[in-house]
Structure formats: C-alpha cells, structure tokens
Amino acid sequence: MIAPLRRAALVLAVAATALLTLAAPAAAHGADAPDGTDYRATISGVDPDRPGLTARMVEAGARLELTNDTGADVTVLGYSGEPYLRIGPDGVYENTRSPATYLNRTLAGETRLPAEANPAAAPDWRRIDDGPTARWHDQRTLWREDAPPAAVAAAPDREHRVRDWTVPLRAGDATGAVRGTLDWVPPPDPYPWWVAATLGFLLIGAAGLAPGGTAAGVRALRAVGALLALGGAATVALTVARALDTGSPGLGGTLAELVTGQVWTLLTGLGALAAGGYALARRPAADFVLALAGACLTLFAGVTNLAALSRSIPPAAGPAVLVRVLVVVGLATGAGAVAAGLLRLRTAARAARPTPHPTPTP
C-alpha cells in the first residue's frame, strides 16, 4: 500500500498538470493581454464632446475602448487616415481594406497584411459586433520598441512623459480625436513583496509541525484553514479585478469574462475557500485537502500573477498596491498550506507505522 505522503505528492502532481493543461484555453482567451507594463496610457479627452461618446484604456493600457451611444455613426481613422472602424447604433464594423484592421489584431502589430489591404481603396465594411463598443490595440497609444525612450534609459527611476497621442475620429462632417498621454512609470522593487510572501509561507508552513491529535495540532489545522480561506477570498477578488480590467460591459459582461477567460483562477479561489472551511470543520483528510488546494492556489493565484510584483501597471482594476497585496496573500497562503499539509501527512504516516518488536533471544 502506498504511503499517505507519497499518495498525496502523486495526486498533487497529477492535479497540477491537469489544471495547467485545462487552463491553456482560458489563457488563450486573453492571449494578447500583457501580464503587466511600465507604460501608463491615459485618456485626456474625446472630441467631439458629445454625451454618449466615451473612451477608456483597458487590459493595462493594451487596448483602447470606444463606446458610442450617441445614436449616430462615429468612424475611427487608421494610420493613413483611411476609415478603419465604424461604431454606431447598428453595431461595430471594420474596414477590410484598412491595414489597421490587421495590424491591430495583435499587441505587437506584426500581422501580415493581405493583398486587399489598401488604405486608398473604397471601404469594404464587415460587421464584427452588434454592440456600441469597440476595443482594439492601437499602435499610437503604445510603446512598441524593445528599447526604452532615451529619457527613460537615462533616468529609469523617474516618471517620464513619453508622448501625447491622438487617434483621429470622424462623426458626420465633423472631425475629432481621442486624445491621451503615454507615460513611463518606474517599476516597483519586487524584493519586499518576495520577502513578505516568503515569511508568510514559512509561518503558515510551520503550523504543520504541531503534532496532530493534540490541542496545538487542532489549533494549527484551524489556523491554516482560516488563512487558506483568506487566500481564496483574495484570489476571487483578484480574479474579479482582472475581469473588470478587460473592459467587459456591465454585470453580465463581467460574469461572462469570469466564466470564460478567468474561470480556472476563479474556481481555484472558490476551491481554496471551500478547503479552508473543510479544515476548520476538522473533516477527515483535511491535511490532504489543504495541500491540494494550496498547490492550486500557488499556481493560479501566485505564479500566474508574479509579473504584478515587478510591473508598475498590473492588468487588474484598482490600485496597483492592492493588486500586489492580493497576489502575495494568494502565494503565501497557498504555498504555506502545501507545506503545512504535507508536514502533517508525513507526521501521520510516521505515527501509523507499526512499532517493531524485538526478536526474543533463544
């Protein structure tokens, strides 16, 4: 019979592999969204100034979003001044002749242009959405070079205005633009966050040293369960923040993003909440449940969001410091629960071994 510790390690490995495999489609949902950036794109105004015409940056500034509830069409112009997008009461249309239609499909703008892409040709409109909102990567709002601007390279620890940008619009006979700025924001020092995560991991993991079946062991189990539940709650909050940053409209759009692009992270957070409650109730096999849920939390709340600790603009709504706190809480409680659960399983396995009796001397 396989020892409990070996069985736990085997199941943890299988579960982690399965979850990583299943998470691939979810990651592909936002495959062109950055893990974080040090360039902050900000909207400063929209012309013409009409009620119902609004713009914002989403996905950590990777996409520009334009919503047109004015009741009349608004056209976004491409890089050569050609019609690129038409947004209005009938939905969103893209011009298949505009090079921007293809270049803006990826963050890097490396899509190969087809033969029909010709900014001088008459527009050929294709409907891509029935709502009043369009989101796209616009090279005018981004810094696409590998090397930073000269001013940033000279003083990377200071904030710099990289440029002012405009995305031209046409509304009927009137011309206008979405106007904004692009700034370099110095990245945070990740060292304090790593120290906090490591200390949390060590403190929670040390709870696994308390002997099971004793009053100290019971208190330790409940403490780890409560902290794992806290990590689960932090992960759910982080998942919602990431869904909000995608620009999904309204409650329905946010829920749709949660169950598509963020589903595995959401399930991981909810699973950690459930596992924490299971441990607090001192249910059978609570040590194993803590280790399994902790491993998933470490992978999907900690490892997948590590870039937030070293990037000034994380891909989540809300203050960047709060996002980093949520990541560290998920990472520390998840890894700590793994350590505590495995230590308790190891202690239980040792206690279950039969005590060898000395062979009588003839």
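Details of the structure are given in the entry above.
Peer 1: Please explain the packing of helix α5 (residues 215-245) against helix α7 (residues 263-280) as it appears in this structure.
Peer 2: Between two packed helices, what matters for the description is the angle formed by their axes and the separation of those axes. At their nearest, the axes of α5 and α7 sit 7 Å apart, and the two run at 160° to each other. Between α5 and α7, the crossing angle belongs to the class labelled roughly antiparallel. For the pair α5 and α7, the sense of crossing is left-handed. Residues Leu221, Arg222, Gly225, Ala226, Leu228, Ala229, Gly232, Ala233, Thr235, Val236 and Thr239 of α5 form the contact with α7, whose own contacting residues are Thr265, Leu266, Gly269, Leu270, Ala272, Leu273, Ala275, Gly276, Ala279 and Leu280. Partitioned by chemical class, the residues of the contact of α5 with α7 number 13 nonpolar, seven polar and one charged.

Peer 1: Explain the pattern of salt bridges to me, please; I cannot follow it from the model alone.
Peer 2: Pairing of side chains with opposite charge becomes possible as their charged atoms draw close. Summed over all chains, the structure comprises 13 salt bridges. Arg311 is the partner of Asp38 in a salt bridge, and the nearest nitrogen-oxygen pair spans 2.9 Å. Placement of Asp38 in the loop between α1 (4-29) and β1 (39-47) and of Arg311 in the loop between α8 (286-302) and α9 (320-352) is noted, with a sequence separation of 273 residues between them. Given a relative accessible area of 6%, Asp38 falls into the buried group. Looking at Arg311, the relative accessible area reads 35%, which means it is partly exposed. Residues Asp164 and Arg161 are paired through a salt bridge, measuring 3.4 Å at the closest nitrogen-oxygen approach. Judged by relative accessible area, Asp164 falls into the exposed class, the value being 58%. One connected set of salt bridges, linked through shared partners, spans Arg56, Glu65 and Arg135.

Peer 1: Mind showing me how you'd approach the sheet that holds β1 here?
Peer 2: Picture the strands of a sheet paired through backbone hydrogen bonds; they go either parallel or antiparallel. An order of β1-β10-β9-β4-β5-β6-β7 is seen for the seven strands of this open sheet, with the pairing classed as antiparallel. Since the sheet does not close on itself, it has two edges, and those belong to β1 and β7 (125-129), each with one partner. In this sheet, neighbouring strand axes are inclined to one another by 25° on average, regardless of whether the strands run parallel or antiparallel. Pairing of β1 with strand β10 (residues 174-184), which is carried by eight bridges, proceeds in the antiparallel orientation. Each bridged residue has a counterpart across the sheet, and for Thr42 the counterpart in β10 is Thr181.

Peer 1: Would you mind showing me how to read the side chain of Thr133 here?
Peer 2: Following the sequence through the fold, Thr133 ends up in strand β8 (residues 133-136). Among the polar contacts made by the side chain of Thr133, one reaches the side chain of Thr67 at a distance of 2.9 Å. In this view, Thr133 contacts Glu65, Leu66, Thr67, Ile87 and Val92; residues no more than four positions away in its chain are not counted.

About the cut-offs
- Residues numbered from 1 in each chain as written.
- Predicted model: local features only at pLDDT ≥ 70, side-chain atom pairs only at ≥ 80, totals over all residues.
- Heavy atoms only, no water.
- Axes fitted to C-alpha atoms, helices over the stretch in contact; angles between N-to-C directions.
- Helix = DSSP H or I, 4+ residues; strand = E, 2+ residues; numbered from the N terminus.
- Parallel < 35°, antiparallel > 145°, perpendicular 65-115°, else oblique.
- Left-handed = near helix turned anticlockwise from the far one by under 90°.
- Contact = heavy atoms within 4.5 Å.
- Nonpolar A, V, L, I, M, F, W, Y, C, P; charged D, E, K, R; others polar.
- Salt bridge = Lys/Arg side-chain N within 4 Å of Asp/Glu carboxyl O.
- Buried < 20%, exposed > 50% of the residue type's maximum accessible area, 1.4 Å probe, protein only.
- Pairing = 2+ DSSP bridges.
- Polar contact = N/O pair within 3.5 Å; in protein donor to acceptor, adjacent residues only side chain to side chain.

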